[in-house]
Amino acid sequence: MSADALLIPNFAMHMIGHFLQTLLFRYKPARLLLLGLLCCQWLLLGGCEQDKRPLRYVAYVGRYTNANDTLPPHKQKINPFDQMNERIFKTYLEELNELLPQCRLELRTYDCQQSARGSDSVYKLIAADTMVLAVIDNTWGVNLAGAQETIRKEQLPVIALNADHNHLDYGSASIFTGNSDNVPLDLASYIHYALREGSVNFITERDYALTQTYYTAFKQHDIVVNRVFEVQTTQEVNPDSLARVGEAMLQFYRQNPAEKKRLLVLNVHNTWGNALIKYLDKHLDGMRLMGHAYIANANALQGFGASNTNTIILITNPTDALSRKSNQDLKAFQKEDAELFSHVNVPLFIKRCLDATSILQQALLPPRPKFLPGTKPVTPPAESPELPPVPTRRYMRQQFAALGDTTLAGELDIYTFDSSRVLVPDIYFSQYSQGKLFSMAAQLNQRREVIPNLLFGIEIQDIYDLDIASNSFTCDFYYWVKLDTSHLDAEKYISFQNMKSSESSRELIIEKQDGPQVYKLYRVSGIFYVNYSLFDFPFDTQELAVNVEILSPADKLKISFDQSSLLLDPEAIEKFKVTGWNKEEYYVTVDNMITRSIKGDPQGQPGTLKKFKTFAFRLVVKRIVLGSYLQIVLPLVLIGLIAIAVLFITDLTFENVGEVSVGIFLSIIAFSISLTEMIPSSNYLTRADMLFWLTFIVVFVSFMAIIVLNSLFPTSVIRTKQLKSLGTFLAGLYPLLVLYVLFG
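Keep in mind that this is a model prediction, so the values were computed, not measured.

Here is what the cut-offs are and how they apply
- The residue numbering used here restarts from 1 in each chain and proceeds along that chain's sequence as written.
- The model is predicted, so local features are restricted to residues of pLDDT at least 70 and side-chain atom pairs to those at 80 or more, both for listing and for counting; the totals for chains, interfaces and linings are taken over all residues.
- The basis for every side-chain value is the complete set of heavy atoms in the structure, and neither hydrogens nor water enter the calculation.
- Each helix is a run of H or I in the DSSP string that is no shorter than four residues. Each strand is a run of E no shorter than two, and both are numbered from the N terminus.
- A simple rule labels every residue: compare its accessible area, found with a 1.4 Å probe on the protein chains alone, to the largest value its type can have, and call it buried under 20%, exposed over 50%, or partly exposed in between.
- Each accessible area is a Shrake-Rupley result for a 1.4 Å probe, and residues are judged covered by the shown protein chains and nothing else.
- If DSSP finds at least two bridges between two strands, the strands pair.
- The angle between two axes is taken between their N-to-C directions and runs from 0 to 180 degrees, where each axis is a line fitted to C-alpha atoms and a helix contributes only its stretch in contact.
- When checking whether two residues touch, look at their non-hydrogen atoms; a contact exists if any pair is within 4.5 Å.
- Between Lys or Arg on one side and Asp or Glu on the other, a salt bridge is scored when a side-chain nitrogen of the former is within 4 Å of a carboxyl oxygen of the latter.
- Each helix should span, by expectation, one fewer than its residue count multiplied by 1.5 Å.
- Polar contact criterion, stated in full: a pair of N or O atoms within 3.5 Å, where within protein one must be able to donate a hydrogen and the other to accept it, and residues adjacent in sequence count only if both atoms are side-chain atoms.
- Pairing of aromatic side chains here covers Phe, Tyr and the six-membered ring of Trp, requires ring centres within 6.5 Å, and sorts the geometry by plane angle: under 30 degrees stacked, over 60 edge-to-face, intermediate tilted.
- Patch rule: a residue counts if its relative accessible area is over 30% and it has no salt bridge; like charges are joined within 9 Å, and nonpolar side chains (Val, Leu, Ile, Met, Phe, Trp, Tyr) within 5 Å.
- Among buried residues, those of type Ala, Val, Leu, Ile, Met, Phe, Trp, Tyr and Cys that are joined through side-chain atoms within 4.5 Å constitute a nonpolar core.
- In this analysis a 1.4 Å probe is tested at points of a 1 Å grid over the protein atoms alone, and where it fits but cannot get out there is a cavity; an open set with protein on both sides within 12 Å along at least five of seven lines is a pocket; lining residues have an atom within 4 Å of a point.
- Grid points are joined across faces, edges and corners, and a volume is the space filled by probe spheres set on the points.
- Polarity classes work like this: nonpolar for Ala, Val, Leu, Ile, Met, Phe, Trp, Tyr, Cys and Pro, charged for Asp, Glu, Lys and Arg, and polar for all others, with Gly in that last group.
- Orientation categories follow fixed angle ranges, with anything under 35 degrees roughly parallel, anything over 145 roughly antiparallel, 65 to 115 roughly perpendicular, and all other angles oblique.
- Handedness of a helix crossing follows the sense of rotation of the near helix relative to the far helix, less than a right angle counterclockwise being left-handed and clockwise being right-handed.

This next bit is on the overall build of the chain. When its secondary structure is counted, the chain shows 20 helices and 26 strands. Residues counted as buried form 47% of the 744 residues belonging to the chain. Within the structure as shown, the chain displays about 37,300 Å² of accessible surface, and the carbon and sulfur contribution to it stands at 56%.

Written as C-alpha cells, this is what we have:
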C-alpha cells in the first residue's frame, strides 16, 4: 500500500485523538461521562462472564440422509423433519441450561442414514463418548432395532420419540414416548368395553411388526376375527395393486351385505390407508371402519362419508389448540424460518420435544418424589442416586431406569410410564361421518376404563370495556356442551375461572336431545379479571383471556374441544369493540394444570398427582402509541429539554431566567398531578413513571444549578459564569436515557 493511501487514515486517527484529548481535558463533564461509560462496560462484561460449568452433550439421532439413495450423503436433501427437531431441541436445551447449576448441555447430532446398520454404527460411537449423557432418538422402529443389542449391552439412556418398542429388549434405561405398541390393546379395549362388540373384520399389513399383537389383543378381549384381508407394506400402491385388494373386499361385501354392519378394523399406514379409505368410501355405503391415528393423512380423510353413511372411528386427539408455551414457541420458530416450520405436524414435533426436555429436566434437577398412578405417594427407593456434582451417564441411566411403573410430574404435563418405560398416551376416540369430525361420547382413560366425554365449544361475540384500574374487561359469548344423558352431572365441572359472577349473567338458549346425547347452548355476558402487565406503559401490550377451567381430573372425565370453535373466523377480531387499542391477535390455547387436589376436593387423595384441563381464548391488544405519545411522552421530553436549554443562556442571573426556571419547575409538578390520572396504578414503576422521574431530576438539577449559582456569586460575576458544560452533559445524556427508559 502506498504512502498516499495511508495518509487519509492516519490523518483521521490524528484528528479523532485530538478531539478526544480536548474533550477530556477541557470539559470535566465529559470525563465524568467517559468514566460512567467505562463503569457500564465493566458491569456489562461482569454480567457476561464466561460460563464455567462443565460441558456435557445430549445426542440426537435422526434420519437426515438415506444410505440407499444414489447420491452421496453430502449431496442429498436433508430431511426437514430432523432439521426442525434439531432446531427445537437446541432452543429448549438453552432454556434448560438456565436452570441447571451443575453443567451446561449442548446437542450433538448423528445420522443413521435411515438404515438399521447405520443406527448401530451411530450408537457405538455414542457409547464410546462418555461426554454424552443421554440420547434422543427420532428414527423409526426398524432403524432403532438395528442398534438394539448395542443399546442393551451399553445400557444407554435413550428417549425414543418416534420408534415402536416392538417388545424388544433395549435394556432398563430406554424410554419410548411416541411408539404404537399399545394401539392394538387400546382399540381392542374400546371395541369390547365402549362399543360392546364381539367380532370384527380385519385388514392388516402382514409384514408389520405389530400385526400379531392385534390378534393377541383381540383374543384377550374375546373378540372374534371374522374375515382377514392382507396387504404388503413394501408393495407399491398403484391402480393394479389397489384394484386386487379392493375387488376382493367388494366381492366379500356384495356376497355378504350384512357384514357392512360389522366393524372393519384397519391396521395399515397412510401409504395403503389413503388409497383404501378413498376406495371403500367411493364403492361402498353403510360401512363402519376403525383404526389408529396414522391409517391415513388429513387430506385422505377430508370429506369421508360426506355423500353416504360411511363412518370411521379413529384414535386421535381432537384438541387441535396448542398450549400457551407451544403456541408462543411455534410463532417464534415460524418467524425465524417460516418455510422450514410450515408443515402441518410442527405442533406435534414441538409437543414431543417439550416432553423429552421435561423428562431430561426432571432427571437433571435435584431429585423429587415420584408418584404411582394409585392413591398412595411413593418415596424414592433407598438406592435412588444422589445428584452428583457433574451428571454422569451412569446417573442418567439410573434415573431413566427408575421410571418403570411410575408417574412423573413435569411442569406442563404428567407422564405415566408402564413397566417397560413406555409412555402411556392420553388418547381420544373420534368419529368421521358426513365429512366432519365428532368426538365419541364414551372414551378410555389411561387405565383403559370407560369414562364420559364432554364436548365443549365456545364462540366469542365481543370484547369491550377494558378497565385497567379494576383489572377487568367485558366479554359476550356463546358456549355449548354436548354430553351423554347418563352423565348429565358432568356439566357442573365447567367453571369460568376469571369471571366475576356477581356482575355476570348466563342464560340457557337451547336444550335438545338427540338419542342418548343432550345439547345445551348458553349465552353469557360477563366481566372478566385479568392481571394487566403495566411495566411497558404507555407502549404496553395486553393479553385478554377468557379462562375455562374443567374441575374434574382427566382420568375421570374427558374434555373434547369442538373443532368449530377452533376454526376462528379471520374477520372475528374486527368486531371486538376495544377502543384505544390495536387488536394484534386472537387465538385459543389448551393447557394442563398439574396438582394433587383442586379447590380442597376431599376426593383428591393426598400425594396423588392429577391433571386438569384449562381452555383460554386470548385476544392480544396493543395500546395506540400516538395518543400516549402526545399525552405523556412529548410533554415530559419537552419540559426536560427546555430545562436543559436554559443552561445555555449567557446571562444566568435570577432576574433574567428566574421566572423561566421557576415556571419549568412548577410545570413538572403540575404535570405530575394530571399524570396520576393517566398512569394506571401498579405496585411497580412503569416506563411512564420512570420517564417522569428522569425528567423531574433533570428539571430539578437545572433549577438547583441556577439557584446555587445565584446564591454564591453576585450578579456582576454570574454574567461571567457558564453552565454550558453542565448543559452539554445533560443534553447528551438525557436523550439517551429517555430512549433507554422507553425502549430499553
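One open sheet accounts for seven strands, arranged 7-6-8-9-10-15-16; its pairing is mixed. A single partner strand is all that each edge strand has here, and the edge strands are strand 7 (224–231) and strand 16 (436–439). For this sheet the average axis-to-axis angle between neighbouring strands, irrespective of direction, equals 25°. Pairing geometry for strand 15 (residues 428–433) and strand 16, over four bridges, is antiparallel. Bridge assignment links Q431 to a residue of strand 16, and that residue is F438. Where helix 7 (residues 183–194) meets the sheet, it contacts strand 6 (199–205), strand 8 (264–267), strand 9 (288–291), strand 10 (311–316) and strand 15, and its direction lies at approximately 145° from that of strand 9. Of the strands in this sheet, strand 6, strand 7 and strand 8 touch helix 8 (residues 211–220), which is tilted by about 170° from strand 6.

Moving on: the pattern of salt bridges. Under the counting rule described, the total for this entry stands at 28 salt bridges. The shortest N-O distance in the salt bridge between K124 and D120 comes to 3.3 Å. One end of the pair is K124 and the other is D120, both in helix 4 (residues 116–128) and four residues apart, which spans about a single turn. In this structure, the salt-bridge partner of E259 is R262, at a minimum N-O distance of 2.7 Å. Owing to a relative accessible area of 23%, R262 belongs among the partly exposed residues under this scheme. The structure contains a network of salt bridges with shared partners spanning R324, E543, D591 and R618.

What follows deals with unusual backbone geometry. Of the consecutive residues F537 and P538, the connecting peptide bond is found in the cis state with omega at 15°. Here P538 lies in the loop between strand 22 (517–529) and strand 23 (541–550). With phi around 55°, D405 is a residue other than glycine that occupies positive phi space. Among the structural elements, D405 can be located in the loop between helix 14 (393–401) and strand 13 (407–409).

Let us now look at helix 20 (residues 724–743). Along its 20 residues, helix 20 runs 29 Å from first to last C-alpha, staying within 8% of the 28 Å computed at 1.5 Å per residue. Packing partners of the buried residues in helix 20 comprise helix 16 (625–646) and helix 18 (687–712).

Glancing now at the environment of D207. For D207, the location among the structural elements is in the loop between strand 6 and helix 8. For D207 and Q232, which are 25 residues apart along the polypeptide, the C-alpha to C-alpha distance reads 6.5 Å. The residues touching D207, leaving out its near neighbours within four places in the chain, are V231, Q232, T233 and T234. At 3.2 Å, the side chain of D207 forms a polar contact with the side chain of Q232.

What follows is about the pairing of strand 23. Across the 10 residues of strand 23, nine count as buried, placing the element largely inside the fold. As defined by bridge partners, strand 20 (residues 494–496) adjoins strand 23 across three bridges and the pair is classed as antiparallel. Looking across to strand 23, one finds that F496 is bridged to V548. Of the pairings in the sheet, the one linking strand 23 to strand 26 (residues 610–623) comprises nine bridges and is antiparallel in character. Paired with N547 across the strands is A616, a residue of strand 26.

Moving on, we come to the packing of aromatic side chains. Overall, the coordinates contain 29 aromatic pairs when judged by the stated rule. Taken together, a centroid distance of 5.9 Å and an interplanar angle of 35° make the contact between F456 and Y479 tilted. With F456 in strand 18 (residues 450–467) and Y479 in strand 19 (residues 472–484), the pair connects residues that are 23 residues apart, well separated along the chain. You'll find F456 and Y479 in the same group, each marked buried.

On the surface, a cluster of nonpolar side chains totalling about 570 Å² of accessible area is made up of I697, F700, V701, M704, V708, L712 and F713. Checked against the element boundaries, I697 lands in helix 18.

Moving on, we get to the nonpolar core. In terms of nonpolar packing, the biggest core is built from 44 residues, with L105, L360, M396 and F400 touching the most fellow members. Those elements that place two or more of their residues in this core are strand 1 (55–62), helix 3 (80–97), strand 2 (104–111), strand 3 (132–137), helix 12 (324–336), helix 13 (346–364) and helix 14. Ranked by residues supplied to this core, first place goes to helix 13 with 10 residues. Those residues in contact with M396, other than ones at most four positions away along the chain, are L133, A134, P157, L360, A363 and L364. Y532, V546, F617 and L619 belong to the second-largest nonpolar core, a separate cluster that totals 40 residues.

Considering all chains together, one arrives at five cavities of 30 Å³ or more under this definition. Computed from the structure, the largest cavity encloses a volume of approximately 60 Å³. Taken together, N182, D186, V424, P425, I427, N445, Q446 and R448 form the lining of the largest cavity. Looking at the lining of the largest cavity residue by residue, the class counts come to three nonpolar, three polar and two charged.

Our next topic: the packing of helix 13 against helix 14. Two elements in contact, helix 13 and helix 14, have axes separated by 10 Å at closest approach and are oriented at 115°. Considering the angle they form, helix 13 stands roughly perpendicular to helix 14. Remark: the crossing between helix 13 and helix 14 carries right-handed chirality. Seen from helix 13, the contacting residues are I359, L360, Q362, A363 and L364; seen from helix 14, they are Y395, M396, Q399 and F400.

Before going further, it helps to spend a moment on the pairing of strand 21 (residues 499–514). One ladder, built from 11 bridges, connects strand 21 with strand 22; its direction is antiparallel. Across the sheet, M499 pairs through a bridge with F528, a residue of strand 22.

Moving on, we get to helix 9 (residues 239–255). Here helix 9 is 17 residues long and its end C-alpha atoms lie 23 Å apart, about the 24 Å a rise of 1.5 Å per residue gives. Buried within helix 9 are the following residues: S241, L242, V245, G246, M249, L250, F252 and Y253. Against the buried residues of helix 9 lie strand 6, strand 7, strand 8 and helix 10 (270–283).

This next bit is on the side chain of T211. Among the structural elements, T211 can be located in helix 8. Residue T211 is classed as buried on the basis of its relative accessible area, which comes to 8%. A distance of 3.2 Å separates the side chain of T211 from the side chain of T204, its partner in a polar contact. Beyond its immediate stretch of four places on either side in the chain, T211 contacts T204, E205, R206 and N267.

The next thing to look at is the packing of helix 3 against helix 12. Axis angle and axis distance: for two packed helices, these are the angle between their axes and the distance between the axes, and together they describe the pair. Where helix 3 contacts helix 12, the two axes come as close as 12 Å, and the packing angle between them is 120°. Taken as axis vectors, helix 3 and helix 12 run oblique relative to one another. Here the hand of the crossing between helix 3 and helix 12 comes out right-handed. Seen from helix 3, the contacting residues are R87, I88, T91, Y92 and E95; seen from helix 12, they are K325, D329, F333 and E336. For the contact of helix 3 with helix 12, a count of residues per class yields three nonpolar, one polar and five charged.

In short, geometric facts, not functional conclusions.
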